[in-house]
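Understanding the architecture of this molecule
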Amino acid sequence: MAITFTPQHDQMDCGPACLSMIASNYGKKYSLQYLRDQCFITKEGVSLLGITGAAQTIGLETLSVKLSVEKLIEQRTNLPVILHWNQNHFVVLNKITRNAVTKKIAFYLSDPGYGFVKLNKEKFNKLWLADENSGIALFLNPTDEFYERIPPLKEELTLKYIKSYLNPYKKQLSSMFLLLLIGSALTLIFPFLTQNLIDKGVNGKNINLISILLLAQLGVYLGTLSIEIVRDWLMLYVGSKISITIISDFLNKILKLPIRFFDTKMMGDFNQRIQDNERIEHFLTSQSLITFFSIITFSVFFGVLWYYDSTILLVYLLLTVLSIFWSIFWLKRRKILDYFKFQIRSQNQESIYEIINGVTEIKLNQFEDFKRKEWESIQQKLFKINIRILKLDQFQLSGFQFINQIKNILVTFLAATYVVKGHMTVGELLSVSYIIGQMNSPVNQLVSFFRSLQDAKISVERLNEVQQHPTEEEETSEIRINNRKNGDESKKGIGLKDVSFQYEGPKSPYILKDINLFIPEGKITAIVGSSGSGKTTLMKVLLKFYDPSKGGIFYNSVSISDILPKNLRQNCGVVMQDGFIFSDTIERNIATGDEIIDKEKLKNAVRIANIKDFIESLPLGYNTKIGASGNGISGGQKQRILIARAVYKKPHYIFFDEATSALDAENEKVIHDNLQEFFTGKTVVIIAHRLSTVKKADNIIVLKDGKIVEQGNHHELVYNKASYFNLVKNQLELGN
């Protein structure tokens, strides 16, 4: 079978798209979302290991090799194959040919980010070879399991889904429907007014009749104009409301998705999806209704033209059908180019976002020219894709207009011949010309409708990729964390049994390995270890950002899988290492979700975080607006606001990840003393490097390479003179 081309939808989709094309070559159609899930994509993209794992999941036998171009050419009977391309991409090599006369080699590829590509050997070598002599290829062959497996059904969009956005505006849409119907009826009067103007008014030399008919034409025109004005206002109203609904639904959905989903997406992908709603709105409010009435208008004028002459109608109809089929023929290629343009525009937005947000570091490190050239490179890609789209549009439009022009000339020739032969009056000729002009407009509208339908469908599919993704809160159980003082207190706390975690699937390296740990209720537990030991990942697993790959986590003997993420986090005060400051007032940054801010809780949180003096020194105090990501405040002030935010919630569980790393010694001591009082009776987990932060903890966990290598209190661990002792020694430069 031949490969069905699959364009990548997002910037990180090249691997799953290649795998989809390979599967299509053997007669199976897998959705991109299913293959994404099997590949375990991250923000860095997909690895060869991830593609291999996904391929084996669907029943393909895999062999990844590093070989020379000559060896690859020898293996051309085993194509198609996935190639690691240009060190940051994946493509499918479909076939290799050798010219019988020139003996030159040609490589035919399917690039999910560009399309079908034909390259000579020199260009192929430049883009494929990882070093001077070899490149990486993944050979895939179907097994019996592959043919036996049935690909999961992709949930297709239905008319009901699209109609759901229109249902609240039935009254406005009915008004638009009525206005368009009246407008269509008014346009039908024109050909008969024109015919009578010429035949009875001009030829009959009747000035009074000419005046009446011209005034009638003016009246019809003013009526049509008035209807269009009202219709445009209604379209603006309905269009704006639908646009808000679509984006609100999108934002509502993404805010319910698990954290892992965001690890696979770039900022530009989200921004571009949101901008795509304009195409959906345009289709629902404008193209659909106008096209519907264009068809009605066409049908009525069709009958009128039949009344004048059936031969003219037949010629018109045949060439019109031909022109429509010509336009539809190019839509499939246009759809693929639309995906490519989406990716490049996403990259463009990502680049601009990075330049604006990273301007300080860019200036400090003389990164300006590099980043500007990087942006210019993206513009060149966008220019090239726009050229490809322009070429296709010109082919489509030129062919369509050429066929229409031939049609108009033939119809005019036939009508003029009838006039010469006395079978038709001059008035009827002008009337037929007017009708042809009016019928051409609905035909043009129909072609625009098909393009708008395609744009809207692609955009809805992109939004729908998010809508179909399972949310965090889909658990059937609603068990809540029980913190009441009853039962066996010694069993209360957070338990981890044989917990292991991997970011990229079953064959990727373990970030956490066989963690067995009990964090007792009402105690302070510190987690220490060198960078990359898995401390932050462990905290994220405890907060249910990620599910463990193996093992179980229990809060007061209740499995974390039975606890709703929202309920868990309502009971947790968290300061992350990369905590975010919102573009809002200081008090709103601390109180966050509370619509009505509790002033007493706010003052207490500010006192504990030792930031009261700073806030009160500001002209607007608590109402001072601070920028996104904390622009306008220092690192220490940012951390103190984050600590105040965690304290304000009065949580039972507290998780601090390097919460005081940016503070000076004086502030740290004050806050540390304040927090000891606040920690009373609460279950606290602290990740820190500083000895002053962890030495008073009831239990200290030492992580190394994702495993627990030591645990105990400060004095016990120092006495053991093992991993913890070395961490302390390096920090304080202790002697033996």
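Within an unreviewed UniProt entry, the label attached to the protein reads ATP-binding cassette, subfamily B, and the organism entered is Flavobacterium omnivorum. Here the protein is described in UniProt, under the heading Subcellular location (unreviewed entry), as follows: "Cell membrane".

**Notes on the state of the cysteines**
Tallied over the entire structure, the rule returns zero disulfides. This cysteine, C14, is not joined by any disulfide, and C18 carries the nearest cysteine sulfur, 6.2 Å off.

**Here's the deal with the sheet that holds strand β10 (residues 550-555)**
Pairing is antiparallel across the open sheet formed by four strands, whose spatial order is β8-β7-β10-β11. What marks the edges here is a single partner per strand, and that holds for β8 (512-520) and β11 (558-559). By the bridge criterion, two bridges tie β10 to β11 in an arrangement that is antiparallel. Its bridge partner lying in β11, Y555 is registered against V558. Helix α18 (residues 535-542) contacts β7 (493-501), β8 and β10 of the sheet and is inclined by roughly 120° relative to β7.

**Considering the environment of I3**
Here I3 lies in the segment before α1 (14-25). A relative accessible area of 18% places I3 in the buried class. Distance in space between the C-alpha atoms of I3 and Y26 is 8.2 Å, their sequence separation being 23 residues. What I3 contacts, discounting residues up to four positions off in sequence, is M21, S24, N25, P80, V92, N94 and S110.

**Comments concerning the pattern of salt bridges**
Tallied over the full model, the rule gives nine salt bridges. Across the pair E374 and K371 runs a salt bridge, and its minimum N-O distance is 3.0 Å. A residue pair is termed a helical-turn pair when its members lie 3 or 4 positions apart in one helix, as E374 and K371 do in helix α16 (residues 368-420) at three residues. Linking D393 and R451 is a salt bridge whose minimum nitrogen-to-oxygen distance equals 3.2 Å. Of the two residues, D393 is situated in helix α16 and R451 in helix α17 (residues 426-467); the sequence distance between them amounts to 58 residues. The class for R451 is partly exposed, based on a relative accessible area of 21%.

**Considering the pairing of β7**
Buried residues dominate β7, accounting for seven of its nine residues. Pairing between β7 and β8: six bridges, direction antiparallel. Bridged to V499 within β8 is I515. Of the pairings in the sheet, the one linking β7 to β10 comprises five bridges and is antiparallel in character. Residue pairing in the sheet places G495 in a bridge with F554 of β10.

**Re the packing of aromatic side chains**
In this structure the tally under the stated criterion is 19 aromatic pairs. Measuring from ring centre to ring centre gives 5.2 Å for F367 and F370, while their planes differ by 10°; the resulting arrangement is stacked. According to the relative accessible area criterion, F367 is partly exposed, its value standing at 33%. A network of ring pairs unites the aromatic residues W85, F107, F124 and W128 as a single cluster. Over the face of the ring belonging to Y108 we find K95, whose NZ or CZ atom lies 4.7 Å from the ring centre. A cation over an aromatic ring shows up here: K513 above the ring of Y510, its NZ or CZ 4.1 Å from the ring centre.

Conventions we followed
Residues numbered from 1 in each chain as written. Predicted model: local features only at pLDDT ≥ 70, side-chain atom pairs only at ≥ 80, totals over all residues. Heavy atoms only, no water. UniProt positions renumbered as here; feature names shortened; annotations may be inferred. Disulfide = S-S within 2.5 Å. Pairing = 2+ DSSP bridges. Helix = DSSP H or I, 4+ residues; strand = E, 2+ residues; numbered from the N terminus. Contact = heavy atoms within 4.5 Å. Axes fitted to C-alpha atoms, helices over the stretch in contact; angles between N-to-C directions. Buried < 20%, exposed > 50% of the residue type's maximum accessible area, 1.4 Å probe, protein only. Salt bridge = Lys/Arg side-chain N within 4 Å of Asp/Glu carboxyl O. Phe/Tyr/Trp six-rings, centres within 6.5 Å; stacked < 30°, edge-to-face > 60°. Lys NZ or Arg CZ within 6 Å of the ring centre and 35° of its normal.

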